[in-house]
Structure formats: structure tokens, C-alpha cells
Amino acid sequence: QVQLVESGGGLVQVGGSLTLSCAASGRTFSSYSMGWFRQAPGKEREFVAAINSSGGNTYYADSVKGRFTISRDNAKNTVYLQMNSLKPEDTAVYYCAATRGLYINHHLYDYWGQGTQVTVSS
């Protein structure tokens with residue numbers, strides 16, 4: 001069982017930056033791949049980024065490639081999402097999730113956080 005708690009969301013202007021954190025409970029965090037997803041009102045949940053259990057492999061949605069960076073600190077049971085050059089279309093609730101594989105399909109993730117709101121204003 002893994003419990004996930006996101007933090008770091010907020011209101012930021014276009015072009016600004018935010019860093020999201022996702023703290024995990026449990027001693028097995030380092031065995032899970034982690035993903036970040038987002039969901040805007042009226043839209044489906046979409047993949048943002050994923051990182052494998054060791055942190056050696058990362059994947060990004062084309063829409064965030066070059067602007068967002070996913071990383072993890074297994075000693076702190078935490079995964080991060082550094083977001084730069086934010087755009088209004090990045091506005092969404094951001095969720096972190098854990099899975100045993102490494103997937104972009106949110107249906108294949110086993111554990112989810114409650115989400116944190118990111119709003120990018122113009």
C-alpha cells in the first residue's frame with residue numbers, strides 16, 4: 001500500500017515556474033515507478049511525465065517536453081515535478097500516481113494522490 005500526498009500547487013503568471021512535490025508513505029516507494037498526470041475541467045486526465053523506480057528513465061508528454069522535469073529522491077520518498085515556462089493551458093489539477101511498470105496510461109497506475117491545483121494566469 002502506498003499513500004501519496006501532493007503539494008506545491010498554486011497561482012502563477014504565464015512564464016512562471018512551480019515545483020510540485022509528492023510525498024509517499026511506506027517502505028516500498030523505491031520499487032514503484034511514478035507518474036504525474038493532470039486534469040482540466042471538462043477534459044480527460046492526461047499523462048504529463050513518468051520516472052522509473054531508480055530515476056534513470058523519464059518520459060514526458062510532448063506538450064511539456066523541455067519545460068517540465070520529473071525527478072525523485074528515494075531517500076525522502078518524494079517525487080517532484082519542476083514546471084517552467086508555464087502556459088495557461090497548463091492549468092489543471094495535477095496528480096501523482098504509482099505503478100509497478102512504467103506507463104503513460106493512467107488506468108495502469110495503482111495508487112493516486114488527491115491532487116493539487118495549478119492555475120496559470122495571463
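Just above sits the structure.
Worth saying up front: this structure is predicted, and the values here are computed from it rather than measured.

The rules we used
By convention here, each chain's residues receive numbers from 1 onward along its written sequence. The predicted nature of this model means local features are confined to residues of pLDDT at least 70 and side-chain atom pairs, given and counted, to a pLDDT of 80 or more, with totals for whole chains, interfaces and linings taken over all residues. Computation of side-chain values covers all heavy atoms of the structure but excludes hydrogens and water. Any pair of cysteine sulfurs within 2.5 Å is marked as a disulfide. In this text, helices come from DSSP runs of H or I with a minimum length of four residues, and strands from runs of E with a minimum of two, each type numbered from the N-terminal end. Relative accessibility thresholds used throughout: buried, under 20% of the residue-type maximum; exposed, over 50%; partly exposed, between the two (1.4 Å probe, protein chains only). Grid spacing is 1 Å over the protein atoms alone, the probe is 1.4 Å, and a cavity is where that probe fits but cannot get out, while a pocket is an open set with protein on both sides within 12 Å along at least five of seven lines and lining residues have an atom within 4 Å of a point. Grid points are joined across faces, edges and corners, and a volume is the space filled by probe spheres set on the points. Only Asp, Glu, Lys and Arg are considered charged in this grouping, and only Ala, Val, Leu, Ile, Met, Phe, Trp, Tyr, Cys and Pro are considered nonpolar; every other residue, Gly among them, is considered polar.

### Some remarks on the state of the cysteines
Applying the stated criterion across every chain yields a total of one disulfide. With its sulfur 1.9 Å from that of its partner, Cys22 forms a disulfide with Cys96. Between Cys22 and Cys96 the sulfur-sulfur dihedral comes to about 50°; the bridge is accordingly right-handed. Of the two residues, Cys22 sits in strand β3 (residues 18-24) while Cys96 sits in strand β9 (residues 92-99), which places them 74 residues apart along the sequence. A relative accessible area of 0% places Cys22 in the buried class. Note on Cys96: relative accessible area 0%, which makes it buried.

### A short note on the layout of surface pockets
By volume, the largest pocket amounts to about 160 Å³. Every residue lining the largest pocket is counted, 13 residues in all, and those nearest its centre are Arg38, Ala40, Lys43, Glu46 and Glu89. Considered class by class, the residues forming the lining of the largest pocket number two nonpolar, three polar and eight charged.

None of this, on its own, says anything about what the molecule does.
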